[in-house]
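Coordinate analysis (summary)
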Amino acid sequence: MEQLQELFPDTPIISFTILLLVVLTVPPLFERLRLPGLVGLIVAGVVLGTDGLGLLDPETDYMKLFTDIGKIYLMFVAGLEIDLAEFRKKKDRSLGFGLATFAIPLLTGAATATLFGFGPNAAILIGSLMASHTLLGYPIVTRLGVGGNEAITVTIGATIFTDITALLVLAICVSVHTGEFSATSLVVQLVALVLYAVTVLVGLDWAGKEYFRRTGDEESNQFLFVLLAVFVASVGAQLINVDKIVGAFLAGLAVNDVVGRGPVEDKVEFVGSTLFIPFFFVGMGLLLDVSAFLESFTSNFSLMLAIVVNLLVSKFLAAMLAKQLYNYSWPAAMTMWSLSIPQVAATLAAALAGNQAGLLPESVFNSVVVLMLVTSVVGPVATSHFAQKLPLSPATAKPPEPDTSPSIPFFQSEQPFTVLVPVANPLTERYLIEMAAIIARQRGGSIVPLSIAPAQAHMDEPELDLALQRGERLLQRALEVSQDFGVEATPRIRIDSDIAHGISRTAREQNVSAIVMGWNENIGIRARLFGNIIDSVFWSSHCPVGVMRLLDEPSNIHRILVPVKSLAPQVLEAMRFAQLFAASNDAELTLLHVCDRRTTPEKIEAFESSLWAVFSETEVDVKADMKSIVHDDIAQAILEAARSTEMVVLCSRRRRTAGGLAVSDVAEQLLKQITCSMVLFGEPHW
């Protein structure tokens, strides 16, 4: 091992390069083994640490910095991803279940720790480690179409209560451990915590909104403001003798309401999930003492087993209490249990903080690592089993009311129907204009071809003149195509420093009904670090946005496939567009529902009835049929069905697990393999 270490110079660049290599290669390998990628990062840390190859040293300043930043980022993203809107919907029941799923594990965990000889302070902290939870199974319930079920909404809301309270218990326990305990010092600490929490939650919210209002849409400045807010809150927490992860989590909640579900949040999460959060898990592996860990399976096996069993049983009791109080079904209660048992973000960060403060011994830290491994596997598996027995959530199973559904803009009659078409590429312009003209003609509407000229520092710059001339040529071609289809066109040319904002602002100024854009093969749907035009337009526009990759003239497309997983608003937008295009082009439309093998025939029939009811709401006459396919691989099922069609209309939904770890999207897989024309509706800002 020493000879291997001597081959590399002692420089932080080597360690950083090794970390990047680990983050790039290890998680995909473990996911192929159906194990969480974060488990692979911890294992890699063990292999590369002092008990393994010795290539990374957890005691160096730069590794401590990477681990601390990752820990702060992990808790910040955990706070940022909490859906405050869902919490507000069922706040009373969320607080009720949150109290139960926090208090029961806390009390039973503290009692268990006391039986193993731990003092009151350490016992309470051990209990609090089991009181929080990480929503690793949330992408599963979303995929199954039951994300709007009340039991799931309540569990999501309970996360806010459990995480905040667990971190406050950590702050008090560490404070008591590091100082002289007295009733006065406890009161002072609690008052300081309350004042600090109010300052962060209210102050950062106000400061963020003011800063964003004054700086406009400059995303780089907004990104830097968010990062500054995180670390200022973390430093503030340390000033009042509270662990920095408390400040990071509160900063996430405060910034949550400021940035919304938009490009800035995507960039923040991308940086965290790509670099710093994986670095934290590798650092966890570096800190893991292999000999002590193995010893825990012998001398401390009973403690390890007691912690795992206590977590599973206490969370089960909390779910059963919620079942009785709120009259939930057995599958609903078990789904709540399965969602609340994974212990990753707050648990690992708090255990590490308690261990570094000298309050928790290595045996407890090792037991928490085992707890994380067990629950991160058991939780999602149990969620997949029980959630598929739930009835479809109201947002999925019931047809939306016409006056509230965001999918109605395609069929509104109160205002003229107008389609905005940004044009930039002469090779794809004609097909885009044809598509927009066909849709607009069906509604007796018009199109607005738009060319964006990038703004320059001086309005007499030669580059700007060239861009304007190029835009005028593109718009002239658009006018010629629209005249061929007998559709009125009102061309617009705009000078703007941001192309995406220029598109969305023009769309709002013209009050258009839809936007039709071309797909850029070189962008990729997950260009999150620097962002892309498509994502920004999806997020900022007030109306439906369809991104086209057309391989033939739209007038030659007569067979359309629309995969429909749920009746969420963005999915309905895709279906409404296909319905309108099919009617205007005398095309046949197929609605494809791909369901899991465990989906019952009754649930399939209920979904088909709801889908057909929504589809039949409009007066547009379309040749349509519906197919339900039982298949474990959604992307493969769609690809097989697409072989006999000429255009596929998709809805792309971005999903992330807590901690910012991205989950692959079906649409992203299809983009690489589909061989026919395609229309993509992205996740809008609703």
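Residues numbered from 1 in each chain as written. Predicted model: local features only at pLDDT ≥ 70, side-chain atom pairs only at ≥ 80, totals over all residues. Heavy atoms only, no water.

Considerations on the overall build of the protein chain
Scanning the protein chain from N- to C-terminus turns up 27 helices and 13 strands. Buried positions account for 56% of the 686 residues belonging to the protein chain. In the form shown here, the protein chain has an accessible surface area of approximately 29,000 Å², with 59% of it arising from carbon and sulfur atoms. (Helix = DSSP H or I, 4+ residues; strand = E, 2+ residues; numbered from the N terminus. Buried < 20%, exposed > 50% of the residue type's maximum accessible area, 1.4 Å probe, protein only. Areas by Shrake-Rupley, 256 points an atom, 1.4 Å probe, with all protein chains shown as cover.)

Regarding the side chain of Arg576
Looking at the secondary structure, you find Arg576 in helix α24 (residues 569–585). Under the relative-accessibility criterion, Arg576 is labelled buried at 1%. Polar contacts involving the side chain of Arg576 include one to the main-chain carbonyl oxygen of Val614, which spans 3.1 Å. (Polar contact = N/O pair within 3.5 Å; in protein donor to acceptor, adjacent residues only side chain to side chain.)

Things to note about the nonpolar core
Counting 102 residues, the largest nonpolar core has Val22, Tyr73, Phe76, Leu170, Phe281, Met284 and Leu348 as the members making the most contacts within it. If we skip the residues at most four places from it in the chain, Tyr73 touches Leu227, Val268, Val271, Gly272, Phe276 and Ile277. Counting residues in hydrophobic clusters, the runner-up holds 52 residues, among them Leu550, Leu567, Phe607 and Val622. (Core = buried A, V, L, I, M, F, W, Y, C linked by side-chain atoms within 4.5 Å. Contact = heavy atoms within 4.5 Å.)

Topic: unusual backbone geometry
You will see that Asn511, though not glycine, has its phi angle at about 55°, which is positive. Positionally, Asn511 belongs in the loop between α22 (499–509) and β5 (514–518). On the accessibility criterion, Asn511 (31% relative accessible area) is partly exposed.

Here we look at the packing of aromatic side chains
Counting across every chain of the model gives seven aromatic pairs. Between Phe16 and Phe66 the ring centres are 5.7 Å apart and the planes differ by 50°, which places this aromatic pair in the tilted class. With a gap of 50 residues between them, Phe16 in helix α2 (residues 12–32) and Phe66 in helix α4 (residues 61–80) connect regions that are remote in the sequence. Looking at Phe16, the relative accessible area reads 29%, which means it is partly exposed. For Phe66, a relative accessible area of 13% translates into the label buried. Among the aromatic residues, ring-to-ring pairing joins Phe16, Phe66 and Phe279 into one connected group. (Phe/Tyr/Trp six-rings, centres within 6.5 Å; stacked < 30°, edge-to-face > 60°.)

Notes on the packing of helix α15 (residues 301–326) against helix α18 (residues 362–387)
The contact between α15 and α18 brings their axes to 9 Å, and the two run at 45°. Classified by the angle between their axes, α15 and α18 sit oblique to one another. In the packing of α15 onto α18, the handedness of the crossing is right-handed. Within the contact between the two elements, α15 uses Leu303, Met304, Ile307, Val308 and Leu311 and α18 uses Ser363, Val364, Ser367, Val370, Leu371, Val374 and Thr375. Among the residues making up the contact of α15 with α18, the classes are represented as nine nonpolar, three polar and no charged. (Axes fitted to C-alpha atoms, helices over the stretch in contact; angles between N-to-C directions. Parallel < 35°, antiparallel > 145°, perpendicular 65-115°, else oblique. Left-handed = near helix turned anticlockwise from the far one by under 90°. Nonpolar A, V, L, I, M, F, W, Y, C, P; charged D, E, K, R; others polar.)

Examining the pattern of salt bridges
All chains considered together, the criterion is met by six salt bridges. Residue Arg494 pairs with Glu509 through a salt bridge whose shortest N-O separation is 3.0 Å. Here Arg494, found in strand β4 (residues 492–496), pairs with Glu509, found in helix α22; they are 15 residues apart in sequence, far enough to count as distant. Connected via shared salt-bridge partners are Arg494, Asp496, Arg505 and Glu509. (Salt bridge = Lys/Arg side-chain N within 4 Å of Asp/Glu carboxyl O.)

What to know about the pairing of strand β2 (residues 446–454)
Each regular strand shows side chains that alternate between the opposite faces of the sheet. The buried fraction of β2 is high, at eight of nine residues. For the handedness criterion, the β-α-β arrangement of strand β1 (residues 418–422), helix α20 (residues 426–442) and β2 is classed as right-handed. In this structure, β2 lies alongside strand β3 (residues 488–489), joined through two bridges in parallel fashion. Residue pairing for β3: Ile447 is matched across the bridge by Ala489. (Right-handed = clockwise from strand over helix to strand, strands pointing away. Pairing = 2+ DSSP bridges.)

Side note on α22
Taken together, the buried positions of α22 are Ala500, His501, Gly502, Ile503, Ser504, Thr506 and Ala507. The N-capping residue of α22, defined by a side-chain oxygen 3.1 Å from the backbone nitrogen of Ala500, is Asp498. Two residues or fewer after α22 comes Asn511, characterised by a positive phi angle close to 55°.

A look at the environment of Glu488
Relative to the assigned elements, Glu488 resides in strand β3. Along the sequence, Glu488 and Ala440 sit 48 residues apart, while their C-alpha atoms lie 9.1 Å from each other.

Some points on a nonpolar patch on the surface
The grouping of Phe301, Leu305, Val309, Val313 and Leu317 at the surface amounts to a nonpolar patch, some 400 Å² of accessible area in total. Along the chain, Phe301 falls in helix α15. Its relative accessible area of 38% is what places Phe301 among the partly exposed residues. (Patch = residues over 30% accessible without salt bridge, like charges linked within 9 Å, V, L, I, M, F, W, Y side chains within 5 Å.)

Quick word on the side chain of Glu434
Counting through the fold element by element, Glu434 comes out in helix α20. Of the residues examined, Glu434 reaches a relative accessible area of 1% and is grouped as buried. Glu434 has contacts with Val481, Phe485, Glu553 and Pro554, leaving out every residue within four places of it along the chain.

Details of the environment of Asp632
Tracing the backbone through its elements, the reader meets Asp632 in the loop between β9 (623–630) and α26 (634–642). When its relative accessible area of 53% is taken as the criterion, Asp632 is described as exposed. For the pair formed by Asp632 and Cys595, sequence separation is 37 residues and the distance between their alpha carbons is 7.6 Å. Leaving out residues up to four positions away in the same chain, Asp632 has contacts with Asp596 and Arg597.

Points about the packing of α15 against helix α16 (residues 330–340)
Remark: α15 packs on α16, axes separated minimally by 9 Å, with the N-to-C direction vectors making an angle of 145°. Note on packing geometry: the crossing formed by α15 with α16 is right-handed. Listed contacts from α16 to Leu312, Lys315, Phe316, Ala319, Met320, Ala322 and Lys323 of α15 are Trp330, Ala333, Met334, Met336, Trp337 and Ser340. Residue composition of the contact of α15 with α16, grouped by class: ten nonpolar, one polar and two charged.

Section: the environment of Leu253
Relative to the elements of secondary structure, Leu253 occurs in helix α12 (residues 244–259). On a C-alpha basis, the gap between Leu253 and Ile160 in space is 8.9 Å, while along the polypeptide they are 93 residues apart.

Quick look at the confidence of the model for the protein chain
Taken as a whole, the protein chain shows an average pLDDT of 77; of its residues, 80% reach a score of 70 or greater. Within the model, the stretch residues 393–408 combines pLDDT values under 50 with 33 contacts to residues more than four positions away or in other chains. Counting contacts from residues 523–531, a segment whose pLDDT is below 50, to residues more than four positions away or on other chains yields 26 contacts. (pLDDT = per-residue confidence, 0-100.)

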